Amino acid sequence: MKKFLSTVFLSGIFLACGLTALADDAADAKAFFENYVNAANNYSPTIEKMYSPNAKIIRQVVKPDGGLVDVTTDTATYMKQMKLGQAGAKLRKYKNTYTDITVTKSGDGYKVSSLRQPTGETYKLKTYMILKKQPDGKWLITEEMMQTKQQIFLKYANK
């Protein structure tokens, strides 16, 4: 009986330690997301280093009729587009506010989901990021989906 209780006790300790590590990683993923939001809203050049070089970037265009079209690109193309748009956005003082932020385990990373409200708009759009902790402890965005009402992205859609 003593051996059984010892085994149960030790198993409980290992389980508690594992859950603590998961909770710490989830908190770290959320902190990374908050740093991302701050960097993006301040047009920081550090944004580029927050993405995996082979991240999957999805812009989900919300059409006027409510239909959705996914436009997928690679990290390098996205970074070029982002840099081009930053100057005008900075002049307009464009920022995004994120609400309803949730962090869930997703494969070997964490999915941070939220609603994004662009400056001056009353609507909110869905967004998520898949974040993965690298062997060196650094977090990177490996996948990102942001809805947009900007119809110009449709020209990049696969037809």
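Look a little higher up for the structure.
Only a predicted model underlies this, so the values are computations on that prediction, with no experimental measurement involved. (Residues numbered from 1 in each chain as written. Predicted model: local features only at pLDDT ≥ 70, side-chain atom pairs only at ≥ 80, totals over all residues. Heavy atoms only, no water.)

Participant: Which parts of the structure should I look at to understand the side chain of Gln-147?
Facilitator: Along the chain, the position of Gln-147 falls in strand S6 (residues 139–148). A polar side-chain atom of Gln-147 sits 3.0 Å from the main-chain amide nitrogen of Lys-126. Among residues more than four places away in sequence, those in contact with Gln-147 are Gln-60, Val-62, Leu-68, Arg-116, Leu-125 and Lys-126. (Helix = DSSP H or I, 4+ residues; strand = E, 2+ residues; numbered from the N terminus. Polar contact = N/O pair within 3.5 Å; in protein donor to acceptor, adjacent residues only side chain to side chain. Contact = heavy atoms within 4.5 Å.)

Participant: When you look at the sheet that holds strand S5 (residues 125–133) in this model, what are you seeing that I'm missing?
Facilitator: Picture the strands of a sheet paired through backbone hydrogen bonds; they go either parallel or antiparallel. On the basis of which strands lie adjacent, the open sheet formed by six strands has the order S2-S1-S6-S5-S4-S3 and mixed pairing. Single-partner strands in this sheet number two, and they are strand S2 (68–74) and strand S3 (96–106). Each neighbouring strand pair of the sheet contributes to a mean axis angle of 20°, computed without reference to strand direction. Bridge count between strand S1 (residues 51–62) and S6: seven bridges; the pairing is parallel. Counterpart to Arg-59 in the pairing with S6 is Met-146. (Pairing = 2+ DSSP bridges. Axes fitted to C-alpha atoms, helices over the stretch in contact; angles between N-to-C directions.)

Participant: Whenever I open this one, the environment of Ser-44 confuses me. Can you help?
Facilitator: Among the structural elements, Ser-44 can be located in the loop between helix H1 (2–41) and S1. A distance of 2.7 Å separates polar atoms of two side chains, one belonging to Ser-44 and the other to Thr-46.

Participant: What exactly am I supposed to notice about the pairing of strand S4 (residues 109–118) here?
Facilitator: Taken residue by residue, a regular strand's side chains alternate between the two faces of the sheet. With nine bridges connecting them, S3 and S4 associate as antiparallel partners. What sits directly across from Thr-97, in S4, is Gln-117. In this structure, the hairpin formed by S3 and S4 is closed by a connection of two residues, where Gly-107 is found at a positive phi of approximately 60°. The sheet contact formed by S4 and S5 spans seven bridges and is antiparallel.

Participant: Would you mind showing me how to read the pattern of salt bridges here?
Facilitator: Per the counting criterion, the structure on display carries four salt bridges. The residue Lys-133 makes a salt bridge to Asp-25 at a minimum N-O spacing of 3.1 Å. Pair noted here: Lys-133 is in strand S5 and Asp-25 is in helix H1, with a separation of 108 residues, a long-range link. On the basis of relative accessibility, which here comes to 39%, the residue Lys-133 falls in the partly exposed class. The partner of Asp-108 in a salt bridge is Lys-132, and the shortest N-O contact between them spans 3.1 Å. With a gap of 24 residues between them, Asp-108 in the loop between S3 and S4 and Lys-132 in strand S5 connect regions that are remote in the sequence. By relative accessible area, which is 56% here, Asp-108 ends up exposed. (Salt bridge = Lys/Arg side-chain N within 4 Å of Asp/Glu carboxyl O. Buried < 20%, exposed > 50% of the residue type's maximum accessible area, 1.4 Å probe, protein only.)

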